[in-house]
Amino acid sequence: CEIDGLPADTSIRTVELIDGRAVSLTWAPDGGMGRVDPGWLRSMAEGRWRPEADIPERTPWEASGMPAPPTFDGPSVLSDDHALADFLHAAWTLGFARLRNLPTAPGTVLTVGERIGTVRSSNFGFMFSVETKPDPDSTAYTSVALDGHTDLATRETQPGLQLLHCRENTATGGASTMADGFAVAEAMRRETPAEFEAISTLKWVFTNRHRDTDYRFSGPIVELAGGGQVVEIRNTGFLRAYPDMADRDIPAAYQALRVFTAHCRSERFLCRTPFAPGDLVLFDNRRMLHGRDSFDPQSGHRRLEGCYLDRDEILSRLRILARRGRDVG
C-alpha cells in the first residue's frame, strides 16, 4: 500500500536473522511481518541505489590530450561484455569512443545500438543514412562542411547518444570533427565569465520546419544543473532561429555566441579524424559538438548510417555490466 495507508507511528519492533539468508522484521503497532534479503540491505548501505552508482565521472578534454578518439575493436565489443564495458566507460567518461573493424553491412549501427539498449526513433526513423540527397531536409545530407553541433536541438529532449557507422568512404575530404562542449563551457566560465553567464542563461529558439514536420524549442546553449554543473549543450547553428530574450540582452547573447562558436572551431578543442569503412563512433549528443569538413561528392561516395539512443541506455548498461562483474567476482 502507499504510505498514507500505514499508521503514522509505524516502527520496527524486532529484527531477526533467518538461517543466515534473510532478515525478518516485525512491525509495530500492528505486528505485521516482513522479509528482506541481506544483499538488498547491503546495496542500500553502500549507496548502490543512487543514480550515480557504478557510473564513472565525466572528464572534460581539450585537443592537446585527445589526438584521436579512444578506440576499440568492434567485433570484440559485440561479443564480449568486458570489451563492451571498456568501450562504454570511455564513451561516457570522455564523451565519445570509436569502434574499428566492424562489418560494413546495412544495419550494423542498429546491431551496436541494440547491444547498448533501446534505439530511439525520430522523424528520420530508427536508423538514418547520411549521404548526399537531391532534396535534403537536413544540411547533413549535403557535402558542405558542418560546424560542430548537437543533433535535434529543436526537441525538448535531445537524443542522449548518437552512433555513426561508416559503410563506405572513397570521397576526398569529409574528416569528422569532435569538440567537448563541456570543456568549451568550462573554459568560458574561467576565461570569459560574462559570456559564460550569457550563454548559460539566455535562450534561443531552435526550429526545423519541413513539409510534414515542424519542431521548435527554446533553451540556453549551455544548460546548468544545481550547483552550476554543466549538464547539456544545445547548439545547432543551422537550426538556431531567434534570440528568445529581452531586447536589452541580445547584444550580450550574440557576443557570448561568438566566443562559444570560436572555441568550437578552434584547434584548441577540435579532435579531427577521418572515417574509414567499418568505423563507428558513439558520442554523447548532449555534450559533444560533432561536425565534418567539406568533401567532394564527385571524387567518390561517402555513406554513413546512424541511430540515436537516450543517455539512460548507456547508464543502464554500465550498471548491469558492473553488477554482473560483482556477481562473477
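Refer to the preceding data block for the structure.
Owing to the predicted nature of the structure, the values given are computational and were not obtained by experimental measurement. (Residues numbered from 1 in each chain as written. Predicted model: local features only at pLDDT ≥ 70, side-chain atom pairs only at ≥ 80, totals over all residues. Heavy atoms only, no water.)

K.L.:
Help me understand a nonpolar patch on the surface in this model?
P.N.:
There is a patch of nonpolar side chains on the surface, built from Ile 12, Val 15 and Trp 27 and spanning about 270 Å² of accessible area. Mapped onto the fold, Ile 12 is located in strand β1 (residues 11-18). (Patch = residues over 30% accessible without salt bridge, like charges linked within 9 Å, V, L, I, M, F, W, Y side chains within 5 Å. Areas by Shrake-Rupley, 256 points an atom, 1.4 Å probe, with all protein chains shown as cover. Salt bridge = Lys/Arg side-chain N within 4 Å of Asp/Glu carboxyl O. Helix = DSSP H or I, 4+ residues; strand = E, 2+ residues; numbered from the N terminus.)

K.L.:
Please clarify how the pairing of strand β2 (residues 22-28) should be interpreted in this entry.
P.N.:
Each regular strand carries side chains that alternate between the two faces of the sheet. Counting buried residues along β2, six of its seven residues qualify, which places the element largely inside the surrounding structure. Taken together, β1 and the strand that follows it, β2, pair antiparallel across an intervening segment of three residues, in which Asp 19 is found at a positive phi of about 55°. Here β2 pairs with strand β3 (residues 33-36) via four bridges, running antiparallel. Its bridge partner lying in β3, Ser 24 is registered against Arg 35. (Buried < 20%, exposed > 50% of the residue type's maximum accessible area, 1.4 Å probe, protein only. Pairing = 2+ DSSP bridges.)

K.L.:
I keep staring at the packing of aromatic side chains and nothing clicks. Help me out?
P.N.:
How two aromatic rings sit relative to each other is set out by the distance from centre to centre and by the angle between their planes. Scanning the model with the defined rule gives five aromatic pairs in all. On the basis of an interplanar angle of 40° and a centroid distance of 5.0 Å, the ring pair of Phe 128 and Tyr 308 is categorised as tilted. Taken together, the residues Phe 128 in strand β7 (residues 128-130) and Tyr 308 in strand β21 (residues 302-309) connect sequence positions 180 residues apart. Among the residues examined, Phe 128 registers a relative accessible area of 6% and is labelled buried. Overall, the relative accessible area of 2% leaves Tyr 308 in the buried class. (Phe/Tyr/Trp six-rings, centres within 6.5 Å; stacked < 30°, edge-to-face > 60°.)

K.L.:
Explanation requested: the sheet that holds β2 in the structure shown.
P.N.:
On the basis of which strands lie adjacent, the open sheet formed by three strands has the order β1-β2-β3 and antiparallel pairing. Strands at the two margins of the open sheet, each flanked by one partner only, are β1 and β3. Taken over all neighbouring pairs, the strand axes of this sheet differ in orientation by 25° on average, direction set aside. (Axes fitted to C-alpha atoms, helices over the stretch in contact; angles between N-to-C directions.)

K.L.:
Honestly, the pairing of β1 in this entry has me stumped. Any pointers?
P.N.:
With seven bridges joining them, β1 and β2 adopt antiparallel strand pairing. In the strand pairing of β2, Glu 16 is matched with Ser 24.

K.L.:
How should I be thinking about the sheet that holds strand β13 (residues 214-220) in this particular structure?
P.N.:
Strands in a sheet are paired, the pairing made by backbone hydrogen bonds, and the direction either parallel or antiparallel. Read across the open sheet, the three strands follow the order β13-β12-β16; overall the sheet is antiparallel. The open sheet is flanked by β13 and β16 (240-244), the only strands paired with a single partner. Each adjacent strand pair in this sheet contributes to an overall mean axis angle of 25°, direction not counted. Here strand β12 (residues 203-209) runs beside β13; their pairing, made up of seven bridges, is antiparallel.

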